[in-house]
Amino acid sequence: MDEPLKPSQPLQPSLHRQHVAVAAPSQLWLGSDGRLAPDPVGLTGVFHADTRLLDRALVTVDGAEPESVGVSVRGGRITVDGLARNIAGETLDPAVRVVQTWDTEPGTVRHRIELTTSLPRVDCTLAVHLSADFATMDAVRVGRRTDRVEPEHHPVDGAHDAARLVWAADGRSVVVTAATPRARIVTAIERDEDDTDGFPSGHPSLVWSATLGRGEPFRAEWTAALEDAGAIVRAAQDHDAAGQANDEAPRGAVGGLLATSLTQLAGLRLVSDRAPDAPFLAAGAPWYFTLFGRDSLWAARLMLPRDSALAAGTLRALAAYQGKQGDVDSAEEPGKIPHEIRARELVVSHGPGGDQLRLPPVYYGTVDATALWLCLLGELWRTGRAPDAVRALLPASQRAADWLLGAATGPRGFLAYRDESGHGLSNQGWKDSADAMQFLDGRRADGPIALAEVQGYAYQAALEAADLFDELRQPGGGQGLREQSSALRQFAADLRERFREAFWVDDAEGKFPAMALDGGGTPLDSPGSNMGHLLGTGLLDADEARIVVDRLVGPKLFSGFGIRTLTTAAAGYWPLSYHCGSVWSHDTAIAVRGMLADGFRSEASHVARALVRAAESFGGSLPELFSGVGSDESDRALAYPAACRPQAWSAASAVVVAQALVS
């Protein structure tokens, strides 16, 4: 019999069956059965900032794990219901129930265990077996093994009514404290060969001698205090402003999706060290618990109808890192808004050749964040809800506008990107995987690449900034603002005309805007979801917008659950490709937002209902992305196993869905 094929490299952890609670910058991931133990397929652990601190917290009763019978998640709480089947009852019915409750708050995870029984009296040993590996997120993501950290043991003494275990290394620490009833700490557990709980000897355990009876439960509790002295982000202390909108909450599936999404977003609010009073949304769990230019901006734009404070905070947080000089290694340029901020260099090895993605702590490799920053600033100004915040950002907006005016250096004079460092992102739009930009026949495009949606962002950004500068210019003064405004309007007019000449292509179904131009100025002839981002920017006229909407809701791009990233007619289409056939929640929601802005309410409602149907397939929330398999093949949306959740711009998409479906 042939040996089964083995992957040439570790697989990304599957996330779709795992249970997660987030309270940025902390997060808790349990397995599908509610276990916190190393999982060969999925992701588990207690994480803080960019590090997994605890990789195991395994519960046993008299040496055996409870059998899981249910797991539920509500906000920052995960409840795991189980049965101690190894303790016999008076009948065949289970006699001992084990309920674990995990609560996650910023910097703290609390674990409560309650044992109840139908028997008159049970004496048993309750234990929680612990270990810490302090694995960085990039190591966890690619399955790289990390040596475990040895703990310090602090037994109960006169000064503490608790036993404590402390793991510490390189400024990071986790302190586990077991409170009343007093637990003892066992630093090495001897196992018989036939033990089946899988916990190796030599690791510390919290152990309680439990006595319980009918109507007399036994309760134990311990907490993990999490710290990373080098972290550059921490929990936002502002109130959750997501409920500031006065509109009545929608009912039914739409209302459920919106409520769940707003709860998820509340757990993603952070601030940075450079702007500690400027809240923003972490891009998403588990890998992106930090400030991202594109992601955080789009999430704030989608949330703007409900939360202007978040928009102002996001703008200020990113302005604190705005580029000041030219640097090839980090892709920094004067006036440029960054792509992502981390405490440490991010290194990810991928591919059999051992290629490395190596990003410095502040990385600017993005072609769209600066334009999106100007778009959000203009949209916030037009709400009238944060005029002082916008005025304070006027100098940063002028620098961003200067960058925009000088950035159209790609093919045919469009905004374009190419990684000049040799170790940065090869694709620097939102579709940033290596194979994302391809022709209909599957050939990959060579750079510098000019993305269609980026030209739309740039067009809107130029006009938003020009309007803002005109309004904020003092009567009789502001010569610099006047000149910038004039230059921006001319830039937008020229861009609109050149886009019409360069990007529109034809196939058997008619005209459509290409996803991008390659380095030689050749349009990529594969229809993709990128064109949906052009809606609402003003770059298209009414007839062109009609063409784009019809193409987006056609059967080759619309799956019945959302808009596919790439047409099914493309040689490179695959429903489980990250960017070449899957459906991304935010991508579809951006198209819905544009349809609403351009007056296509019927089509917007049609696509929004598809997202609601997709959310029902995933427990009432929207993941980062899901399979492009259509509703003609499956009665439910199928998971993309490695999709992040909650993801800021995916959860924020619920606001747009509600706008489209609630009149």
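Quick caveat, the model's predicted, so the values are computed rather than measured.

1. Some remarks on the overall build of the protein
Turning to step 1, where the next piece is worked out: Assigned secondary structure in the protein consists of 13 helices and 28 strands.
Turning to step 2, where the next piece is worked out: For the protein, whose C-alpha radius of gyration is 27 Å, the value lies close to the compact-globule estimate of 26 Å for 663 residues.
Turning to step 3, where the next piece is worked out: Counting only C-alpha atoms, the protein reaches 80 × 60 × 55 Å along its principal axes.
Turning to step 4, where the next piece is worked out: A buried classification covers 57% of the 663 residues belonging to the protein.
Turning to step 5, where the next piece is worked out: Nonlocal contacts in the protein, meaning residues at least 24 apart in sequence, comprise 66% of its contacts between residues at least 6 apart.
Turning to step 6, where the next piece is worked out: If you sum the accessible surface of the protein, you get close to 26300 Å²; carbon and sulfur atoms cover 48% of it.
Turning to step 7, where the next piece is worked out: Of note, the protein has its 62 positive side-chain charges centred 4 Å away from the centre of its 85 negative side-chain charges.

2. Some details on the packing of aromatic side chains
Turning to step 1, where the next piece is worked out: Enumeration over the complete set of coordinates arrives at 10 aromatic pairs.
Turning to step 2, where the next piece is worked out: Ring centres of tyrosine 288 and phenylalanine 292 lie 5.4 Å apart, and the angle between their planes is 80°; on these two criteria the pair is classed as edge-to-face.
Turning to step 3, where the next piece is worked out: Relative to phenylalanine 503, the ring of phenylalanine 414 has its centre 5.1 Å away and its plane inclined at 85°; by these criteria the two rings are edge-to-face. Of the two residues, phenylalanine 414 is situated in the loop between helix H7 (394–406) and strand S23 (450–451) and phenylalanine 503 in the loop between helix H9 (479–502) and strand S24 (504–507); the sequence distance between them amounts to 89 residues.
Turning to step 4, where the next piece is worked out: With relative accessibility at 0%, the residue phenylalanine 414 sits in the buried group.
Turning to step 5, where the next piece is worked out: Given the relative accessible area of 0%, phenylalanine 503 is considered buried.
Turning to step 6, where the next piece is worked out: The rings of Trp430, Tyr578, Trp584, Tyr640 and Trp649 are connected pair by pair, giving a single aromatic cluster.
Turning to step 7, where the next piece is worked out: Over the face of the ring belonging to tryptophan 298 we find arginine 301, whose NZ or CZ atom lies 4.3 Å from the ring centre.
Turning to step 8, where the next piece is worked out: One Lys or Arg, arginine 443, reaches over the ring of phenylalanine 439 and ends 4.3 Å from the middle of that ring.

3. Comments concerning the sheet that holds strand S4 (residues 51–61)
Turning to step 1, where the next piece is worked out: Ordered by their spatial adjacency, 7 strands build an open sheet running S1-S2-S3-S4-S9-S14-S13, and the pairing between neighbours is antiparallel. Whereas interior strands pair on both sides, the edge strands pair on one side only; in this sheet they are strand S1 (19–23) and strand S13 (184–186). Strand-to-strand twist across the sheet, computed as the mean angle between neighbouring axes with direction ignored, equals 25°.
Turning to step 2, where the next piece is worked out: With 9 bridges joining them, S4 and strand S9 (residues 122–136) adopt antiparallel strand pairing. Counted as the bridge partner of arginine 56 is serine 131 from S9.

4. Describing the pattern of salt bridges
Pairs may arise between side chains of opposite charge once their charged atoms sit close together.
Turning to step 1, where the next piece is worked out: All told, the structure shown has 37 salt bridges when counted by the stated rule.
Turning to step 2, where the next piece is worked out: Two residues, arginine 489 and aspartate 467, come together in a salt bridge whose shortest N-O distance is 2.7 Å. Residue arginine 489 is located in helix H9, and its partner aspartate 467 is located in helix H8 (residues 452–472); the two are separated by 22 residues in the primary sequence.
Turning to step 3, where the next piece is worked out: According to the relative accessible area criterion, arginine 489 is partly exposed, its value standing at 31%.
Turning to step 4, where the next piece is worked out: Between arginine 473 and aspartate 470 there is a salt bridge whose closest N-O contact spans 3.3 Å.
Turning to step 5, where the next piece is worked out: Note on aspartate 470: relative accessible area 31%, which makes it partly exposed.

5. Digging into unusual backbone geometry
Glycine aside, residues mostly have negative phi, and peptide bonds are mostly found in the trans state.
Turning to step 1, where the next piece is worked out: Residue proline 286 is bonded to the preceding alanine 285 through a cis peptide linkage, with omega at 0°.
Turning to step 2, where the next piece is worked out: Geometrically, the link from arginine 645 to proline 646 is a cis peptide bond, its omega value of -10° lying close to zero.
Turning to step 3, where the next piece is worked out: Relative to the elements of secondary structure, proline 646 occurs in the loop between strand S28 (625–626) and helix H13 (648–661).
Turning to step 4, where the next piece is worked out: Positive phi, normally seen in glycine, also occurs at aspartate 62, with a value near 50°.
Turning to step 5, where the next piece is worked out: With respect to the secondary-structure elements, aspartate 62 resides in the loop between S4 and strand S5 (67–74).
Turning to step 6, where the next piece is worked out: Phi at aspartate 170 is positive, roughly 55°, even though this residue is not glycine.
Turning to step 7, where the next piece is worked out: As for its placement among the helices and strands, aspartate 170 is situated in the loop between strand S11 (163–169) and strand S12 (172–178).

6. Looking at the layout of surface pockets
Turning to step 1, where the next piece is worked out: For the second largest pocket, the calculated volume is near 880 Å³.
Turning to step 2, where the next piece is worked out: When contributions to the lining of the second largest pocket are tallied by element, the ones reaching two or more residues are S1, S5, strand S7 (96–105) and helix H2 (252–266).
Turning to step 3, where the next piece is worked out: With 5 residues, the top contributor of residues to the lining of the second largest pocket is S1.
Turning to step 4, where the next piece is worked out: Taken together, the residues of the lining of the second largest pocket sort by class into 16 nonpolar, 14 polar and 5 charged.

7. A short note on empty space enclosed by the protein
Turning to step 1, where the next piece is worked out: Counted according to the given criterion, the structure contains 2 cavities of 30 Å³ or more.
Turning to step 2, where the next piece is worked out: Here the largest cavity is characterised by a volume of approximately 80 Å³.
Turning to step 3, where the next piece is worked out: Considering the residues around the largest cavity, the lining is formed by Ala49, Asp50, Asp228, Ala231, Ile232, Val233, Phe289, Thr290, Ile341, Arg342, Ala343 and Arg344.
Turning to step 4, where the next piece is worked out: For the lining of the largest cavity, the class distribution of residues is 7 nonpolar, 1 polar and 4 charged.
Turning to step 5, where the next piece is worked out: Considering only enclosed or pocket space, the second largest cavity measures out at about 40 Å³ in volume.

8. Some words on the pairing of S1
Turning to step 1, where the next piece is worked out: Counting buried positions along S1 gives 5 out of 5 residues, so the element sits mostly inside the fold.
Turning to step 2, where the next piece is worked out: The side-chain alternation of S1 yields two buried faces, one formed by His19, Ala21 and Ala23 and the other by Val20 and Val22.
Turning to step 3, where the next piece is worked out: Here 5 bridges tie S1 to strand S2 (residues 26–30), and the two strands are oriented antiparallel to one another. Its bridge partner lying in S2, alanine 23 is registered against serine 26.
Turning to step 4, where the next piece is worked out: Here S1 folds back onto S2 in antiparallel fashion, the turn holding 2 residues.

9. Some words on the pairing of strand S8 (residues 108–117)
Turning to step 1, where the next piece is worked out: Side chains of S8 alternate between two faces, with Val109, His111, Ile113, Leu115 and Thr117 buried and Thr108, Arg110, Arg112, Glu114 and Thr116 left unburied.
Turning to step 2, where the next piece is worked out: With 10 bridges connecting them, S7 and S8 associate as antiparallel partners. The residue of S8 that forms the bridge with valine 98 is leucine 115.
Turning to step 3, where the next piece is worked out: Counted along the chain from S7 to the antiparallel partner S8, the turn is 2 residues long, and its residue glycine 107 has a positive phi close to 85°.
Turning to step 4, where the next piece is worked out: Where S8 meets strand S15 (residues 218–228), 8 bridges bridge the pair, whose relative direction is antiparallel. Each bridged residue has a counterpart across the sheet, and for glutamate 114 the counterpart in S15 is arginine 219.

Reading guide: rules and limits
- Residues numbered from 1 in each chain as written.
- Predicted model: local features only at pLDDT ≥ 70, side-chain atom pairs only at ≥ 80, totals over all residues.
- Heavy atoms only, no water.
- Helix = DSSP H or I, 4+ residues; strand = E, 2+ residues; numbered from the N terminus.
- Rg over C-alpha atoms; globule rule 2.2 N^0.38 Å.
- Buried < 20%, exposed > 50% of the residue type's maximum accessible area, 1.4 Å probe, protein only.
- Contact = heavy atoms within 4.5 Å.
- Areas by Shrake-Rupley, 256 points an atom, 1.4 Å probe, with all protein chains shown as cover.
- Lys, Arg positive; Asp, Glu negative; His and termini not counted.
- Charge placed at Lys NZ, Arg CZ, Asp CG, Glu CD.
- Phe/Tyr/Trp six-rings, centres within 6.5 Å; stacked < 30°, edge-to-face > 60°.
- Lys NZ or Arg CZ within 6 Å of the ring centre and 35° of its normal.
- Pairing = 2+ DSSP bridges.
- Axes fitted to C-alpha atoms, helices over the stretch in contact; angles between N-to-C directions.
- Salt bridge = Lys/Arg side-chain N within 4 Å of Asp/Glu carboxyl O.
- 1 Å grid on protein atoms, 1.4 Å probe; cavity = no way out; pocket = protein on both sides within 12 Å on 5 of 7 lines; lining within 4 Å.
- Points joined across faces, edges and corners; volume = space filled by probe spheres on them.
- Nonpolar A, V, L, I, M, F, W, Y, C, P; charged D, E, K, R; others polar.

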